[in-house]
Amino acid sequence: MTSDSDPRALGAFLKARRAQLTPRECGLPETGTPRRVAGLRREEAAGLAAISVDYYTRLEQGRVRASAPVLVTLARALRLDDDQQRYLYELAGRTDARPRPRRPVQRPRPAMGRLLDQLTGTPALVLGQRLDVLAWNPAATALYTDFAAVAAHRRNYLRLLFTDPVVRRLHRDWSHDARQAVAALRMEAAADPDDPALARLVGDLSLQDADFRTWWAEHRVNSAGHGTKHYRHHLVGDLTLDCDTWASPDGSGQRLMVLTAEPGSPSHDALRFLTSWTAARPPAAERAEPPAR
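Model, not experiment: these values are computed from the prediction. Once a new chain begins, its residue numbering starts again from 1 and follows that chain's sequence as written. Totals for whole chains, interfaces and linings use all residues, but because this is a predicted model, local features are given only for residues with pLDDT of at least 70 and pairs of side-chain atoms are given and counted only at 80 or more. With hydrogens and water stripped out, all remaining heavy atoms of the structure feed into the side-chain values.

Okay, the confidence of the model for the protein next. One confidence number per residue, pLDDT, is output by the predictor and ranges from 0 to 100. In this model, the protein carries a mean pLDDT of 85, and residues with pLDDT of at least 70 account for 88%. Secondary structure elements follow DSSP: runs of H or I no shorter than four residues count as helices, runs of E no shorter than two count as strands, and numbering proceeds from the N terminus. Between the elements of the protein, mean pLDDT differs from a low of 50, seen in strand 6 (residues 286–287), to a high of 97, seen in helix 8 (residues 157–163).

Should DSSP find at least two bridges between two strands, the strands are taken to pair. As defined by bridge partners, strand 1 (residues 124–127) adjoins strand 2 (residues 133–136) across 3 bridges and the pair is classed as antiparallel. Pairing of Leu-127 across the sheet is with Val-133, part of strand 2. Joining the antiparallel neighbours strand 1 and strand 2 is a turn of 5 residues, in which Arg-130 adopts a positive phi near 65°.

Here we take up the pairing of strand 1. Here's how the labels work: a residue is buried when its accessible area is under 20% of the maximum for its type, exposed when over 50%, partly exposed in between, all with a 1.4 Å probe on protein chains only. The alternating pattern of strand 1 places Ala-124 and Val-126 on one face and Leu-125 and Leu-127 on the opposite face, and all of these are buried. Sheet analysis places strand 1 next to strand 5 (residues 255–260), joined by 4 bridges and oriented antiparallel. Of the residues in strand 5, the one forming a bridge with Leu-125 is Met-257.

Quick look at unusual backbone geometry now. Even without glycine at this site, Arg-130 takes up a positive phi of about 65°. The topology assignment puts Arg-130 in the loop between strand 1 and strand 2. By relative accessible area, which is 3% here, Arg-130 ends up buried. We note that His-219 has phi near 60°; this positive angle belongs to a residue other than glycine. His-219 gets classed as partly exposed once you look at its relative accessible area, which sits at 48%.

So, in C-alpha cells, the structure goes:
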C-alpha cells in the first residue's frame, strides 16, 4: 500500500459507480419497491461483493482501507471495466498483477509544430493521446483559453470542456460537443485500454460530472475527422467554424485540429478580428511541456 492512498476518494468513487448501475444490469431481481436513491443500494452492492453491509458502508465513508482481495470482488460486483479497475487500485494505493508498460512522454512532432507555426490566421491545436493538448497557436489561445496557464497534467481538451467554465461557456451547444468528445475518447480507449493516464482521466471526470458518467457508460464511439462547431465568444459573439482534424501518419496518435470559417461570412470577419487581436503576440506556436505521467 502506498502512503498517499485516500480512503475518502475511494469511497466517493464506489458511491458514484454504485449510482450508475441498476439491479437488472447486475443480475438482481426487480422488487418493484420505489428507490430513494439512484442505482444499487448499499446492501445490494455489498451482497454482490460478498462482504458485509457494515464493511461496505465504512468503505464508502472512507473509514477503512480495502484489502487486495476485496478490491477484486468490488471490481467484479460493480462491473468495472479495465480503466475503472486501474483507477480503483490507484485510489486504494495498491497495485494489481497486470503489467504496466512504460509509455513514452508525448511531445508534438516537429512537422506538426511547423504546420502549427504557419497557421497564423486560424485557431489550431495539436492533440495527442487521450485528447491531451500538446501545442497550440496564438489564435487558439484567443478562441479557447490561455493553455500556457493551465497545469500540464490538466491540459486536456476533454477535461477543459467539462471543468473549465470559460471553455464550457464558449460552446453554444455544449451538450452535443461534449458528448461527441466523450465518444471520441471512448473510441481511442479501445486502442489502449490499459493506459493508466486514461484511467485517471476517466475516473476524475466520472467523479466530477454526472453527464460524463452517463455518456461514458453509453459506450458511444466517434471517429469523425470533421464537423461544425458553434461558439459564443466573449469578445466577438457567435462563431460558426468548420473543424477538421488530420492524423499524423507515424502512428503516434497525434492530430492537427484546425478551425476555419466560410470566407465572407460574419464568422470569418470575427475570426480575423481575433487573429488581429493576437497579432502583437509572438508568432511562433506555443509549446507545452509534456504532461506529467
